[in-house]
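# Results of the structural survey
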Amino acid sequence: MNLPFIAASAIMLTIHAYGSYLGFRLRTFSRAIGPYIACYESAYYVFVVAQLWRVLGLLLPLIALMLIIHVVGAYLYIRGYLGQYANGALLRYYAAFELFEFSIILALTISALP
């Protein structure tokens, strides 16, 4: 793996650390930057699956699931369908999911280091 992957992963780690932080405080990213983040996350997973599918091994089904979640989620977010679910209880689950995703991205990134 290469430096662009590690740089893209560093951005993803930042997004997910902050997203989890916000979720546990019952907040989300602002609508001004949310669609850009959603598109970036989708593109990241497309890149990971397209470039690394041979080396992902047992992680491939999980990463493929993350790809599907993010592509569908980006569409739903941009269309405004997810806003109705932004309540306290669900935001805590969102935060936990963001933290779980952070750990997956961290594992991928660490495995890419020389």
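Residues numbered from 1 in each chain as written. Predicted model: local features only at pLDDT ≥ 70, side-chain atom pairs only at ≥ 80, totals over all residues. Heavy atoms only, no water.

Core analysis: the largest hydrophobic core is formed by 18 residues, its most contacted members being Phe-5, Tyr-44, Tyr-45, Val-48, Ile-63 and Leu-108. Among the secondary structure elements, those contributing two or more residues to this core are α1 (3-24), α2 (34-52), α3 (60-79) and α4 (88-112). Among all residues touching Val-48, those that are not within four sequence positions of it are Phe-5, Trp-53, Leu-56, Ile-63 and Leu-108. (Core = buried A, V, L, I, M, F, W, Y, C linked by side-chain atoms within 4.5 Å. Buried < 20%, exposed > 50% of the residue type's maximum accessible area, 1.4 Å probe, protein only. Helix = DSSP H or I, 4+ residues; strand = E, 2+ residues; numbered from the N terminus. Contact = heavy atoms within 4.5 Å.)

A few words now on the packing of α3 against α4. Remark: α3 packs on α4, axes separated minimally by 12 Å, with the N-to-C direction vectors making an angle of 130°. Here α4 runs oblique to α3, going by the angle between their axes. For the pair α3 and α4, the crossing hand works out as left-handed. On α4, the residues touching Leu-62, Ile-63, Met-66, Ile-69 and His-70 of α3 are Phe-97, Phe-100, Glu-101, Ile-104 and Leu-108. (Axes fitted to C-alpha atoms, helices over the stretch in contact; angles between N-to-C directions. Parallel < 35°, antiparallel > 145°, perpendicular 65-115°, else oblique. Left-handed = near helix turned anticlockwise from the far one by under 90°.)

Moving on, we come to α2. Here α2 is 19 residues long and its end C-alpha atoms lie 27 Å apart, about the 27 Å a rise of 1.5 Å per residue gives. Every buried residue belonging to α2 is among Gly-34, Pro-35, Ile-37, Ala-38, Glu-41, Ser-42, Tyr-44, Tyr-45, Val-48, Val-49 and Leu-52, and all of these are buried. At its buried positions, α2 is contacted by α1, α3 and α4. (Expected span 1.5 Å × (residues − 1).)

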